[in-house]
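Examining the three-dimensional arrangement
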Amino acid sequence: MYILYTHRYLHTNTTSKHCTQMYKDHTDEQVNGKNLSGFNGDGIDVDSCSNVLIDHNYINCGDDHVTILAGAGQAGRDFGMPSRNITVADNLLGTGMGLSIGSSVSGGVEDVLYTRNRMNETAGQWGLGIHIKTKTENGGYIRNVAFVDNHFETAGMPGGALEIECGYQSGAPTGCNRTSCTEIRDIVFRNLSFQRAGGTGGVTCFPARPCQNITFDNVRNTRESDIFKSENTLTC
């Protein structure tokens with residue numbers, strides 16, 4: 001269900017689109033499916049919304065637990081309604097594919113905080129703990145996003161801990177130029193712990209528009225032998 005052009009709406013469903021001042025708390029978010037490990041359905045999607053608080057929910061689903069979006073392709077760029085000023089805090093995450101930004105970010109995503117969330121995946125899905133993703137054709141921007149004080153008991157088995165992925169489902173991070181590639185900058189990963197993850201993940205940015213100002217501060221992964229890759233990043 002989509003909720004369009006709302007103001008001060010107490011949200012009890014899965015997807016909110018084109019809204020301002022949304023508050024979702026203390027709900028049990030179950031995306032139904034016979035086999036959640038093979039069922040593709042997000043927990044909570046926020047699309048082109050501002051002033052959003054999502055807190056103290058239990059989320060069990062077959063894809064992203066929470067993801068922030070802002071329109072796709074030319075239509076999203078023409079509409080030009082970003083997602084901004086969003087906090088996702090104190091949620092308990094069961095089966096699912098983690099905390100995400102994207103991949104549809106053509107209208108822009110900024111000023112997002114994920115904090116004090118706890119994930120304990122149960123179905124052994126591919127999904128990452130944290131996933132920032134954009135397709136070659138999306139454009140737009142992802143900036144001023146912070147993941148702070150989150151704990152992942154089990155995440156990304158066999159996916160991985162965290163990933164910035166440009167060229168998501170596009171084959172490779174090529175095919176756009178500095179103007180048309182998604183801008184990714186000012187991303188903070190701070191005080192994160194991954195107890196059991198399928199790997200470390202990595203940062204893969206567009207060669208034509210490298211990521212800027214990516215900060216890792218006290219990010220701990222028990223799989224210390226894995227190599228964390230970083231490609232096309234100006235400052236990391």
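Residues numbered from 1 in each chain as written. Predicted model: local features only at pLDDT ≥ 70, side-chain atom pairs only at ≥ 80, totals over all residues. Heavy atoms only, no water.

Here we look at the overall build of the protein chain
Put simply, the rule is: Counting from the N terminus, the helices are the DSSP runs of H or I reaching at least four residues and the strands are the DSSP runs of E reaching at least two. The cut-offs for exposure are 20% and 50% of the maximum accessible area for each residue type, with area from a 1.4 Å probe on protein chains only; residues under the lower value are buried, those over the upper are exposed, and the others partly exposed. For this analysis, residues touch if any pair of their heavy atoms sits within 4.5 Å. Per-residue and other accessible areas follow the Shrake-Rupley method at a 1.4 Å probe size, with only the shown protein chains counted as cover for residues.
Helix and strand content of the protein chain: one helix and 19 strands. Scored against the burial criterion, the 236 residues of the protein chain give a buried share of 56%. Summarising the internal contacts of the protein chain: among those between residues at least 6 apart in sequence, 81% fall at separations of at least 24. Accessible surface for the protein chain amounts to roughly 9900 Å². Of this, 48% is attributable to carbon and sulfur atoms.

Details of the state of the cysteines
As used here, a disulfide is simply a covalent bond connecting the sulfur atoms of two cysteines. So the rule is basically this: Note that a disulfide, as used here, is simply two cysteine sulfur atoms within 2.5 Å.
Within this structure, the stated rule accounts for two disulfides. Here Cys176 connects covalently by a disulfide to Cys181, the sulfurs 1.9 Å from one another. Residues Cys176 and Cys181 are joined by a disulfide whose S-S torsion is about 90°; by sign, that bridge is right-handed. Here Cys205 connects covalently by a disulfide to Cys211, the sulfurs 1.9 Å from one another. Residues Cys205 and Cys211 share a disulfide whose torsion about the S-S bond is about -105°; that sign makes it left-handed. By the burial criterion, Cys205 is buried, and Cys211 matches it. Summary of cysteine pairing: Cys166 is not part of a disulfide, and the nearest cysteine sulfur, belonging to Cys211, is at 4.6 Å. A relative accessible area of 3% means that Cys166 is categorised as buried.

Examining the side chain of Asn60
So the rule is basically this: As used in this structure description, the phrase polar contact means that two N or O atoms lie within 3.5 Å; if the pair is within protein, one of them must be able to donate a hydrogen and the other to accept it, and residues adjacent in sequence are counted only when both atoms belong to side chains.
Checked against the element boundaries, Asn60 lands in strand β6 (residues 58-60). Engagement of the side chain of Asn60 in a polar contact is seen with the side chain of Tyr58, the distance being 3.4 Å. There is a polar contact of 2.8 Å between the side chain of Asn60 and the backbone nitrogen of Thr95.

Examining the environment of Ser170
You can see Ser170 is positioned in the loop between β15 (160-166) and β16 (183-197). With residues up to four places along the chain from it excluded, the contact list for Ser170 reads Lys135, Thr136 and Glu137. At 3.2 Å, the side chain of Ser170 forms a polar contact with the backbone nitrogen of Thr136.

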